[in-house]
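# Architecture at a glance
Single-letter residue listing:
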Amino acid sequence: MTLLLGLALSLSCFSQNQQGYQNPVIPGFYPDPSVCSVGDDYYLVASSFQYFPGVPLFHSKDLIHWEQIGNCLTRPSQVSLQGASIWGGIYAPTIRYNDGTYYMITTNVTDKGNFIVHTTDLYGEWSEPVSVKQGGIDPSLYFEGGKCYLVSNPDNCIQLCEINPMTGEQLTESKRIWNGTGGRYPEAPHIYKKDNWYYLLIAEGGTEYGHKVTIARSRHIDGPYESNPANPILTHINMNAQGNPIQGVGHAEFVQASDGSWWVLCLAFRPQTGYHHLLGRETFLAPMRWDKNAWPVVNGDGTIALQMDVPTLPQQPFAKKSPRTDFKGEKLGPEWVHIRNNHPENYTLVSGKLRLKAAPVSLNDDKASPTFVGRRQQHTDFTATTSMQLQKASPADEAGLTVYMCESSHYDLYVKQLADGKQAVVLRYRLGELTHTQKEVIVPQGKIQLRVKGNNEFYSFEYATDGKNFRKLDKMNTRYVSTETAGGFTGIILGLYAVATSDSSKAHADFEYFEYE
């Protein structure tokens, strides 16, 4: 009995001190993480920019393994994205929990500015938005003593006011409380209270290689705030991280775990060939030491790594998902997104297939929403495959698979209807002002399998007519559709699409599955 008890205690201690995890904890274009804890559960939101539905919502039990459970902005009445580009739309959100209600505040830079939605059920719908007067971006909420405070960065400094989070009404005048340490673009403010100090966390330097996280504190929420002499507390701009495969580290959020430990979630990116990154800014995790009345210290030296060999919470991974989406459900999973507000009538799940109705809006359109649904590329090395059939098409109608960064930067592998009744598989690229058809091959009408493979330097494009014997069309260099080339704040989306040449076209494409591994 003593032996069994000792063994049980040993196993219990081991479960409380599991070692290590891999960064990023949420790979792919999920930037600007904000997190709140409710008991043993953690909920995280991220930016979504031009994509709809907006503000992806994740759940975790250990801060390491995350599962997307929905999106906060699922209705056009909540968010208008008409004309939104990869520089626009929904910027950094903040999620908070107070007295039984969850609040999410964010900025639609293309439309109404700062606004708040709320819910009591994270697995249900969020409220209609209420606008907030104080401007700037990256708004955050802090609740204390029956009051709700808002911080954001109008006029390139951090400002504070009290608001009613249910109505958005501003209750006090905005007050400047900190300008940061002198880095450009002071943004991403969050307030935390510890040991009777108010700590103000921000990001500086712009969301690029010079990004950094700084902190100040005050005995009063409205200041004056004193800067940490050891700022920045998290950055990869210095020599100790010049060779780190993670760069652009910044825009952080603190969270205290159920065991009392402190952690920081932040964004960063992983450059590929020639310092170009394609996956967007991703979500990373690091431990933090925060002694009483002291300044927080992130991971010992203010840097993070891909392999984090540190004690963790008891790890609780979710069941591994199948790499194949077979489109047999009643609706698509929350990871699937559209370019701007989509037209629901163009998307149906029928007979175990995803049917896309071709519309006369191309992937090059910078205002409207093409018939397009996609998911984020989350790994440098991957293979994505779909099986589809283009039907009832007019000449030049097309449907297929795209590697999409934005309307002016995408690689398209698709089936095109020809004037003589035949069909062809086509590989085309759009790079700024340059559009070029790289290959065109006549294929039998019927089901066609399209495949793209990615690695550090290239995307390779293949097709098959029998589901087994794939033929390579060509490859394209990754750097031409990178953020450094194309611009913007997003990352690569692997999309299924259908485009018609006119409103009179009856074309549609049936997709049997989408496989990503």
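This structure is a prediction, so every number in the text was calculated from the model and none was measured.

### Focus on the confidence of the model for the protein chain
Per-residue pLDDT for the protein chain has a mean of 95; in total, 97% of the residues score no lower than 70. Confidence over residues 1-16 falls short of pLDDT 50; this stretch has 4 contacts with residues more than four positions distant or in other chains.

### Concerning the sheet that holds strand 8 (residues 101-108)
What the 4 strands build is an open sheet, ordered 7-8-9-10; its pairing is antiparallel. Each edge of the open sheet carries a strand with a single partner, namely strand 7 (94-98) and strand 10 (130-131). The pairing of strand 8 with strand 9 (residues 113-119) spans 7 bridges and is classified as antiparallel. Along strand 9, the bridge assignment pairs Met104 with Val117.

### Quick notes on the pattern of salt bridges
Counted under the stated rule, the structure contains 20 salt bridges. Of the charged contacts in the structure, one is a salt bridge between Arg340 and Glu407, with a shortest N-O distance of 3.6 Å. Separated by 67 residues along the polypeptide, Arg340 in the loop between strand 26 (338-339) and strand 27 (347-350) and Glu407 in the loop between strand 31 (398-406) and strand 32 (409-417) bring together distant segments of the chain. On the basis of relative accessible area, Glu407 is assigned to the buried category, the value being 13%. Members of the salt-bridge network, linked through shared partners, are Arg75, Glu125 and Glu128.

### Quick notes on the side chain of Asp32
Tracing the sequence through the fold places Asp32 in the loop between strand 1 (19-22) and strand 2 (34-38). Separated by 2.4 Å, the side chains of Asp32 and Ser47 make a polar contact. There is a polar contact of 3.2 Å between the side chain of Asp32 and the side chain of His251. In contact with Asp32, not counting residues within four places along its chain, are Val45, Ala46, Ser47, Phe49, Ala92, Pro93, His251, Leu267 and Arg281.

### Here we look at the packing of aromatic side chains
Here the structure, examined in full by the defined rule, presents 26 aromatic pairs. Seen from their ring centres, Tyr142 and Tyr149 are 6.5 Å apart, and the 35° between their planes marks the pair as tilted. Relative accessible area serves as the criterion here: at 14%, Tyr149 is assigned to the buried category. Linked through ring pairs, Phe29, Phe49, Tyr51, Trp87, Tyr91 and Phe489 together constitute an aromatic cluster. Directly above the aromatic system of Trp295 lies the positively charged group of Arg217, at a separation of 4.5 Å from the ring centroid.

### Looking at the nonpolar core
Ranked by internal contacts, the top residues of the largest apolar core, which has 45 residues, are Val425, Tyr459, Phe461, Leu496 and Phe514. Broken down by element, this core gets its largest block of residues, 5 residues, from strand 31. Once residues lying within four places of it in the same chain are set aside, the contact partners of Phe461 are Val403, Tyr411, Leu413, Leu427, Arg451, Val452, Arg471, Lys472, Leu473, Asp474 and Met476.

### As for the sheet that holds strand 34 (residues 434-443)
Two pairing modes exist for strands in a sheet, parallel and antiparallel, and in both the strands are linked by backbone hydrogen bonds. An order of 29-38-31-32-33-34 is seen for the 6 strands of this open sheet, with the pairing classed as antiparallel. Looking at the sheet topology across the chains shown, the edges are occupied by strand 29 (371-376) and strand 34. Direction aside, neighbouring strands of the sheet carry axes that sit 15° apart on average. By the bridge criterion, 9 bridges tie strand 32 to strand 33 (residues 423-431) in an arrangement that is antiparallel. Pairing of Val415 across the sheet is with Val425, part of strand 33.

### Quick word on the pairing of strand 29
The element strand 29 is extensively covered by neighbouring structure, given that 6 of its 6 residues are classed as buried. Pairing geometry for strand 29 and strand 38 (residues 493-499), over 6 bridges, is antiparallel. Its bridge partner being in strand 38, Arg375 is matched across the sheet by Leu494.

### Side note on the pairing of strand 11 (residues 140-144)
Along strand 11, 4 of the 5 residues are buried, which leaves the element largely enclosed by surrounding structure. Relative to strand 12 (residues 147-152), strand 11 runs antiparallel, the two sharing 5 bridges. For Phe143, the partnering residue across the bridge sits in strand 12 and is Cys148. Counting the residues between successive antiparallel strands, the hairpin from strand 11 to strand 12 contains 2 residues, one of them, Gly145, with a positive phi of roughly 60°.

### Side note on the environment of Gly206
Inspection of the secondary structure assignment puts Gly206 in the loop between strand 16 (197-204) and strand 17 (212-218). Given the relative accessible area of 3%, Gly206 is considered buried. Taking the C-alpha atoms as reference points, Gly206 and Glu187, separated by 19 residues in sequence, lie 8.6 Å from one another.

Criteria and cut-off values
Residue numbers restart at each chain and count upward from 1, following the sequence in its written direction. Side-chain atom pairs in this predicted model are given and counted only at pLDDT of 80 or more, local residue features only at pLDDT of at least 70, and totals for whole chains, interfaces and linings cover all residues. Side-chain metrics in this entry use all non-hydrogen atoms of the structure; hydrogen atoms and water are not considered. Summary of the metric used: pLDDT quantifies the predictor's per-residue confidence within the range 0 to 100. Every residue pair with non-hydrogen atoms within 4.5 Å of one another is taken to be in contact. Any two strands with at least two DSSP-identified bridges between them are counted as paired. Only DSSP runs of H or I covering at least 4 residues are called helices, and only runs of E covering at least 2 are called strands; the numbering of each starts at the N terminus. For this document, the term salt bridge refers to a Lys or Arg side-chain nitrogen within 4 Å of an Asp or Glu carboxyl oxygen. Remark: exposure states derive from per-residue accessible area (1.4 Å probe, protein chains only) relative to the maximum for the residue type, with buried under 20%, exposed over 50%, and partly exposed in between. Any pair of N or O atoms that falls within 3.5 Å is considered a polar contact. Within protein, one atom must be able to donate a hydrogen and the other to accept it, and sequence-neighbouring residues count only if both atoms are side-chain atoms. Aromatic pairs are defined between Phe, Tyr and Trp rings, using the six-membered ring for Trp, whenever the two ring centres lie within 6.5 Å; interplanar angles under 30 degrees are classed as stacked, those over 60 as edge-to-face, and all others as tilted. Whether a charge sits over a ring depends on NZ of Lys or CZ of Arg being within 6 Å of the ring centre and within 35 degrees of the ring normal. We define the nonpolar core as a collection of buried residues of types Ala, Val, Leu, Ile, Met, Phe, Trp, Tyr and Cys that are connected through side-chain atoms lying within 4.5 Å of one another. Note on geometry: axes are C-alpha line fits, over the in-contact stretch for helices, and angles between N-to-C directions span 0 to 180 degrees.

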